Protein chains: 2
Amino acid sequence: MSKPYVVGIDIGGTNTVFGIVDARGNVIASNSIKTAKHSKIEDYVNELSAELMRLIEANDAVGKIHGIGIGAPNANYFSGQIIDAANLPWRGVIPFADMVSAKFGIPVTITNDANAAAIGEMTYGAARGLKDFIMITLGTGVGSGIVVNGQLVYGHDGFAGELGHVIVKRTNGRACGCGRTGCLETYCSATGVARTAREFLEIRKEPSLLRNLQIEDITSKDVYDAAMAGDKIANEIFEYTGKILGEAIADFINFSSPEAIVLFGGLARAGELLTRPIREAMEKNTLFCYKGKTRLLLSELKESDAAVLGASALGWEAK
Amino acid sequence: MSKPYVVGIDIGGTNTVFGIVDARGNVIASNSIKTAKHSKIEDYVNELSAELMRLIEANDAVGKIHGIGIGAPNANYFSGQIIDAANLPWRGVIPFADMVSAKFGIPVTITNDANAAAIGEMTYGAARGLKDFIMITLGTGVGSGIVVNGQLVYGHDGFAGELGHVIVKRTNGRACGCGRTGCLETYCSATGVARTAREFLEIRKEPSLLRNLQIEDITSKDVYDAAMAGDKIANEIFEYTGKILGEAIADFINFSSPEAIVLFGGLARAGELLTRPIREAMEKNTLFCYKGKTRLLLSELKESDAAVLGASALGWEAK
């Protein structure tokens, strides 16, 4: 008798969200804990396991969990480890999948958050039925999950798919957290949009709604609100961001000729403000043989469920 | 009783080379015809088929051919067609695989020449045993064949893997045959090296062995010879070429985290002159999590056999 549920765990810098999911992608129940509360990984795993067990018991799911899927920054699918994740409190190499598996006696599979999002989108969302697509997550950073011929691309070491770190400006590029300069994510993440806002406001002299805010505190949400209110500079910030992302996507298409690019994450909520300039840049820059073939889609997963759903989809293949 | 041979056909702009290959990668016999002799595709297929049949009969291989594999520019694996190949004399959409299959009653598989080279290298060459690598062919243009998890990446339409058309210069890039500017192949192909030579000789004032040649006639081979003779400008041309290619490769690694990059084609024969600056640029530009993991290899296939071997490897999967 096959087990009807999986568990999805999404580990973010602030919150760890976990839930029980059925085969149709319904989140039966979910809960969360603070990721950064415990500086010792053992304490964190203890609390997470206790809370998850409580959730499983409360939902009559003991013995009914097929597998546990986990999405986390810098997580490696092959080794089950989380390795020096900048946004998490624990340093070094953490055998996370093994630690969780030991608590529950259930198979655990782990991958990075963008890969989990791609699997979630393929299983339950906008990429259902697609065998070749690229998921691009636009949050604090830019992540990606690449699906080729129905399979996630892990590469020889499990670290494939870091399209946020493709270099889009070879000279005078912005400094990136990775130690290099000019990475895509320094321009096209939520923080990249905020950096662009600060640059534009310094260089330009026109009035802008954004000038009512403290320049260091401006977020991509502020830029969005101003753009929707008709602010010229705010609109140009989205033009600039979309152009860079569209040019980069046109290059990505050369690699795997995907049927679709799926955008996910906070910045993707800007919708047409961002997708129109992306589409324009894609049309202008895509190689002739790919032209007009690759659709630009927005994630269809409900934001609040997406992280858990994505991770949970991995649980079905855990063994 | 399984059939012991495959046929490989490599269609180049000048010559079409074809041969009978056994399971260990020995080219039993081969021959060639001029590709451009026939402006009508039917006449070309007739001559190719007659010559191939003669070869099969002469080598007692009638009824012993498992499949025919073909590598050709702009060939599509899914449709079996050759579509508007700039270097071939026939325009439009040519159902090439079907045309050849109809002549022999043997399954035919076709793909572009760079993909065929990748399969050849995986089956018989430097990429034996590798499941994740990128083949980069450095000839008149720059082509690529990408292998992920042991499978060639075809994309949703069969056209994946055009890394020669990734944009490496967004502003003031060189005009490319594809109609855009700044493509990798305008810098890092054999013709790209010749263009760099012309640019360097015009801008710079130093003496150079290359100044003894007609500037429009300079080839990448001339630049190689001059560099080997210690010519400063010629050496700098390879530095320049290798740096651009190494930077591009560092970006490619973000995509599929390959175990190796395999270089193939005329320009790859420059060896250390090219690979040293490529390696330096890779080391400098590769994202930390991939650093030092991706080997740079040169094709191990004998140049004269490589094209036929690569195409023939496809013959094993023809059905």
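What counts, and where the lines are drawn
Residues numbered from 1 in each chain as written. Chains lettered and ligands numbered in written order. Predicted model: local features only at pLDDT ≥ 70, side-chain atom pairs only at ≥ 80, totals over all residues. Heavy atoms only, no water. Contact = heavy atoms within 4.5 Å. Buried area = accessible area lost by both parts, 1.4 Å probe. Salt bridge = Lys/Arg side-chain N within 4 Å of Asp/Glu carboxyl O. Polar contact = N/O pair within 3.5 Å; in protein donor to acceptor, adjacent residues only side chain to side chain. Helix = DSSP H or I, 4+ residues; strand = E, 2+ residues; numbered from the N terminus. Nonpolar A, V, L, I, M, F, W, Y, C, P; charged D, E, K, R; others polar. Pairing = 2+ DSSP bridges. 1 Å grid on protein atoms, 1.4 Å probe; cavity = no way out; pocket = protein on both sides within 12 Å on 5 of 7 lines; lining within 4 Å. Points joined across faces, edges and corners; volume = space filled by probe spheres on them. Axes fitted to C-alpha atoms, helices over the stretch in contact; angles between N-to-C directions. Parallel < 35°, antiparallel > 145°, perpendicular 65-115°, else oblique. Left-handed = near helix turned anticlockwise from the far one by under 90°.

1. Thoughts on the interface of chain A and chain B
Thinking step 1. Each side of the interface is counted separately: chain A has 39 residues, and chain B has 39 residues.
Thinking step 2. Taken together, the two surfaces of chain A and chain B that pack against each other cover about 3400 Å², and 56% of this comes from carbon and sulfur.
Thinking step 3. When residues of chain A are sorted by the area they lose upon contact with chain B, His156(A), Arg170(A) and Phe255(A) head the list and together hold 24% of the total.
Thinking step 4. Joining chain A to chain B, the criterion identifies six salt bridges.
Thinking step 5. Of the charged contacts in the structure, one is a salt bridge between Glu247(A) and Arg170(B), with a shortest N-O distance of 3.6 Å.
Thinking step 6. Taken together, chain A and chain B are joined by 24 residue pairs in polar contact (both at pLDDT 80 or more).
Thinking step 7. Where the side of chain A that touches chain B is concerned, the elements lending two or more residues are strand S9 (142-148) and helix H7 (232-256) of chain A.
Thinking step 8. Grouping the constituent residues of the side of chain A that touches chain B by class yields 19 nonpolar, eleven polar and nine charged.

2. Re the sheet that holds strand S12 (residues 295-298) of chain B
Working definition: the strands of a sheet are paired by backbone hydrogen bonds and lie parallel or antiparallel to each other.
Residue and element names in this part refer to chain B.
Thinking step 1. Pairing in this open sheet of five strands is mixed, and the strands run S10-S9-S8-S11-S12 from one edge to the other. What marks the edges here is a single partner per strand, and that holds for strand S10 (151-152) and S12.
Thinking step 2. The sheet contact formed by strand S11 (residues 260-264) and S12 spans four bridges and is parallel. The residue bridging Ala-260 from the neighbouring strand is Arg-295, located in S12.

3. Topic: empty space enclosed by the protein
Thinking step 1. Enumeration over the complete set of coordinates arrives at one cavity of 30 Å³ or more.
Thinking step 2. Roughly 40 Å³ of internal volume is contained in the largest cavity.
Thinking step 3. As for the largest cavity, its lining consists of Val148(A), Gln151(A), Leu152(A), Val148(B), Asn149(B), Gln151(B), Leu152(B) and Val153(B).
Thinking step 4. Broken down by secondary-structure element, the contributors of at least two residues to the lining of the largest cavity are strand S10 (151-152) of chain A together with S10 of chain B.
Thinking step 5. Of the residues contributing to the lining of the largest cavity, the split by class is five nonpolar, three polar and no charged.

4. Some remarks on the environment of Glu216(A)
Thinking step 1. Looking at where Glu216(A) falls in the secondary structure, it is placed in the loop between helix H5 (190-203) and helix H6 (220-228).
Thinking step 2. Sequence separation between Glu216(A) and Arg195(A) is 21 residues, and the spatial gap between their C-alpha atoms is 9.0 Å.

5. Re the packing of helix H1 (residues 41-58) of chain A against helix H2 (residues 96-104) of chain A
Residue and element names in this part refer to chain A.
Thinking step 1. As a packed pair, H1 and H2 sit with axes 10 Å apart at the nearest point and diverge in direction by 45°. The orientation of H1 relative to H2 falls into the category oblique. The element H1 and its partner H2 pack so that their crossing is right-handed. In this structure, H1 uses Ile-41, Glu-42, Tyr-44, Val-45, Asn-46, Leu-48, Ser-49, Leu-52, Met-53 and Ile-56 to contact H2, whose residues at the interface are Phe-96, Met-99, Lys-103 and Phe-104.

6. Notes on the pattern of salt bridges
Thinking step 1. If you walk through the whole model with that rule in mind, you get 36 salt bridges over all chains.
Thinking step 2. In this structure, a network of salt bridges that share partners links the residues Arg170(A), Lys243(B), Glu247(B) and Asp251(B).

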